[in-house]
Amino acid sequence: MTLKLIPTQMAWRAAQDIADGAYVNLGIGFPELVAKFQPPGREAIFHTENGILGFGQAPAPGHEDWDLINAGKKAVTLKPGTAFFHHADSFAMVRGGLLDVAILGAYEVAETGDLANWSTGPKGVPAVGGAMDLVHGAKRVAVMTDHVTKDGKPKLLERCTLPLTGVGCVTRVYSSLAVIDIIAGRFVLREKLPFLTYDALQAMTGAILHLDGPVADLAVPEL
Amino acid sequence: MDKTLPDLATAVAGIRDGMTVMIGGFGGSGAPIELIHALIDRFIATGHPTGLTLVNNNAGNGHVGLAALIEAGMVAKLICSFPRSADPVVFTERYLAGQIELELVPQGTLAERIRAGGAGIPAFFTPTSYGTDLAIGKPVEVFDGRPYVQERWLKADCALVKAHLGDRLGNLTYRMAARNFGPLMCMAAATTIVQVSRIVAPGGIDPEAVITPGIFVQGLVEVANPAQEEALNRANARYPEVAA
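S.K.: Tell me about the overall build of chain B, and name the residues and values.
M.R.: When helices and strands are tallied, chain B shows seven helices and ten strands. Taking 2.2 N^0.38 as the reference for a compact globule, 244 residues should give roughly 18 Å; the C-alpha atoms of chain B span a radius of gyration of 18 Å, in line with that estimate. Seen along its three principal axes, the alpha-carbon backbone of chain B occupies a region of about 55 × 50 × 30 Å. For chain B, with 244 residues in total, the buried portion stands at 55%. Long-range pairs, those at least 24 residues apart, make up 75% of the contacts in chain B between residues at least 6 apart in sequence. Of the roughly 9700 Å² of accessible surface on chain B, a fraction of 52% belongs to carbon and sulfur atoms. Computed over 19 positive and 23 negative side-chain charges, the separation of the two mean positions in chain B equals 2 Å.

S.K.: Give me the lowdown on the overall build of chain A, citing residues and values where you can.
M.R.: From N to C terminus, chain A includes four helices and 13 strands. Expressed as lengths along the three principal axes of its C-alpha atoms, the size of chain A is roughly 50 × 40 × 30 Å. Sequence-distant contacts in chain A: of pairs separated by 6 or more residues, those separated by 24 or more amount to 63%. Of the roughly 9100 Å² of accessible surface on chain A, 58% is carried by carbon and sulfur atoms. On chain A, the mean spot of the 19 positive side-chain charges and the mean spot of the 23 negative ones are 3 Å from each other.

S.K.: Go over the nonpolar core with me, naming the residues and quoting the values.
M.R.: Grouped together as the largest cluster of nonpolar side chains are 57 residues, with contacts concentrated most on V34(A), I103(A), V109(A), L115(A), V170(A), V173(A) and I180(A). In this structure, V12(B), V21(B), L35(B) and F91(B) belong to the second largest nonpolar core, which totals 38 residues.

S.K.: Give me unusual backbone geometry: which residues, what numbers.
M.R.: Residue and element names in this part refer to chain B. With omega at 0°, the peptide bond leading from H48 into P49 counts as cis. Looking at where P49 falls in the secondary structure, it is placed in the loop between α2 (33-46) and β2 (52-55). Along the chain, Y239 connects to P240 via a cis peptide bond; the corresponding omega equals -10°. One non-glycine residue, M176, lies in the positive phi region at around 45°.

S.K.: Describe the side chain of H47(A), and please don't skip the residues or the numbers.
M.R.: Of note, H47(A) is situated in strand β2 (residues 45-48). Setting aside residues up to four positions removed in sequence, H47(A) forms contacts with V24(A), N25(A), L26(A), I52(A), L53(A), F55(A), F85(A), S90(A), M93(A), V94(A) and L99(A).

S.K.: If you had to explain helix α1 (residues 7-15) of chain A to someone new, which residues and values would you point to?
M.R.: Along α1(A), the residues classified as buried are Q9(A), M10(A), A11(A), R13(A), A14(A) and A15(A). Where the residues of α1(A) are buried, they touch β5 (101-104), β8 (140-145), β10 (172-175), β11 (178-183) and β12 (186-192) of chain A.

S.K.: Kindly report on the sheet that holds strand β10 (residues 219-222) of chain B, identifying the contributing residues and their values.
M.R.: All names here are of chain B. On the basis of which strands lie adjacent, the open sheet formed by seven strands has the order β4-β3-β2-β1-β8-β9-β10 and parallel pairing. Only two strands of the sheet have a single partner each, and these edge strands are β4 (101-104) and β10. This sheet shows a mean twist of 25° between the axes of neighbouring strands, independent of strand direction. Pairing analysis gives four bridges linking strand β9 (residues 189-200) to β10, with the strands arranged parallel. Bridge pairing links V196 to E222 in β10. Strands in contact with α2 are β1 (20-23), β2, β8 (156-167), β9 and β10; relative to β9, the strand with the most contacts, it is inclined by about 120°.

S.K.: Kindly report on the sheet that holds strand β1 (residues 23-26) of chain A, identifying the contributing residues and their values.
M.R.: All names here are of chain A. Pairing within the open sheet is mixed, and its ten strands lie in the order β4-β3-β2-β1-β5-β8-β10-β11-β12-β13. Pairing within the sheet leaves two strands with one partner each, and these edge strands are β4 (83-84) and β13 (209-217). Two strands pair when backbone bridges link them, and β5 and β8 are joined in this way by four bridges, in the parallel orientation. Residue I103 lies in a different strand from β8, and its bridge partner there is A142.

S.K.: Got a sec to walk through the environment of A216(A)? Specific residues and values, please.
M.R.: Residue and element names in this part refer to chain A. By secondary structure assignment, the location of A216 is in strand β13. Look at A216 and you get partly exposed, because its relative accessible area is 38%. Between the C-alpha atoms of A216 and E191, which are 25 residues apart in sequence, the distance is 4.6 Å.

S.K.: Describe the interface of chain A and chain B, with residues and values.
M.R.: Listed by partner, the interface residues are 39 residues for chain A and 47 residues for chain B. Summed over both sides, the interface of chain A with chain B buries roughly 3500 Å², with 63% coming from carbon and sulfur. When the area that chain A buries against chain B is broken down by residue, the three leading residues are W66(A), D67(A) and V125(A), summing to 21%. Across the contact surface, chain A and chain B share two salt bridges. Here D67(A) makes a salt bridge to R175(B), at a shortest N to O gap of 2.7 Å. Contributions of two or more residues to the side of chain A that touches chain B are made by α2 (87-95) and α3 (131-137) of chain A. In terms of residues, the side of chain A that touches chain B owes the most to one element, α2(A), which gives four residues.

S.K.: Mind laying out the environment of K192(A), listing which residues take part and the relevant values?
M.R.: All names here are of chain A. With respect to the secondary-structure elements, K192 resides in strand β12. Of the residues examined, K192 reaches a relative accessible area of 15% and is grouped as buried. Along the primary structure K192 and L218 are separated by 26 residues, whereas in three dimensions their C-alpha atoms are 4.9 Å apart. When near neighbours in sequence (up to four residues on either side) are disregarded, K192 contacts L177, A178, T197, Y198, L201, V215, A216, D217 and L218.

Quick notes on the rules
Residues numbered from 1 in each chain as written. Chains lettered and ligands numbered in written order. Predicted model: local features only at pLDDT ≥ 70, side-chain atom pairs only at ≥ 80, totals over all residues. Heavy atoms only, no water. Helix = DSSP H or I, 4+ residues; strand = E, 2+ residues; numbered from the N terminus. Rg over C-alpha atoms; globule rule 2.2 N^0.38 Å. Buried < 20%, exposed > 50% of the residue type's maximum accessible area, 1.4 Å probe, protein only. Contact = heavy atoms within 4.5 Å. Areas by Shrake-Rupley, 256 points an atom, 1.4 Å probe, with all protein chains shown as cover. Lys, Arg positive; Asp, Glu negative; His and termini not counted. Charge placed at Lys NZ, Arg CZ, Asp CG, Glu CD. Core = buried A, V, L, I, M, F, W, Y, C linked by side-chain atoms within 4.5 Å. Pairing = 2+ DSSP bridges. Axes fitted to C-alpha atoms, helices over the stretch in contact; angles between N-to-C directions. Buried area = accessible area lost by both parts, 1.4 Å probe. Salt bridge = Lys/Arg side-chain N within 4 Å of Asp/Glu carboxyl O.

Shape is all these values report; function is a separate question.
Here it is in structure tokens:
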């Protein structure tokens, strides 16, 4: 029985929603895993803020070229059709509305679609990167995150408590327990792990999970 | 016209106390390690330059390059988008101790502020950061029904950039994703100094392939086989090297 999805499984689930031909930006960390799980027959073009469109998978260890990295500073590879460009062009692609999907990590997501993912408050070192640009530029902004924090507190809330990355920008959450849409200021539950009752999931969520039609099983292969 | 410089020490000789210096690179890719280390050498020998304001996407990694510049105590302020890295201990300790000022700028806004600085555009409006703490104190205007935040250009006294090929006129190519902020910073600095892997004769770069036209470059120095920050960090390198 799957108690919660591991990051590769969340990435697999997020990848199922990426259409053939989509331009996609993946946030630093776990969202980078989405690139591994493109469904057969579909070709997405991945964009990285540091100036590459259409890069390939990670190279074998020992074959890294450190001039060829993604936004997470991890080595990637060339493939036919790769393009390089400078940072102003890179963010013209972002703000210009040319990316179909951005999948980002989150500290908190609110039912309003607000996202907090750059600052844990005055005691840490804040780091925003390209997230604030992506949330206003991509046509669809999704979040991939554990459903609760390491100490069990909800990450899906009525309102964010941490500094915002963007206002009203997130439309879908791929959590370790469920797939949830954000529609008109409400969380709408679409899929949940089969063993998990609605009440148990609601108890781990900091805002009301609305129902709008049947809730499907969140079915993900072992990875 | 010949913009080539004889050595790294000459290349960094014009950087004075308190200057704003843009340093190219995204993480290690495009980081002009040899120019940065030459600047540290000058500081160790003369006590200058110090009190620098640096502009870079990041805040250094490990104990080489940008991190070593901060570790040497030469940096008063950093303007960057993402001051975290695999080993950010140098910046983190100084920042949390209040010894270095941080101006955090969204990455696309940082790029566009630099581009605007180079292009003679003193301010522009962007949707980025609207409604967040990073927009506090900045004018907001609504265009076609959507709110935008005003941002100001960013210029520098000097830029230190790494490119691939260069000619004596200053025309440049870059290698793969090492291009990142390089072309923008070359435009935005009063004096742009570039390290290139190879200096070629004029005509040695196909005009169709020139990424930075030479007008944006004031000096260039050849550094064959430049160090990669990531490779140095994997070897636990420090600069300057500590005697065993």
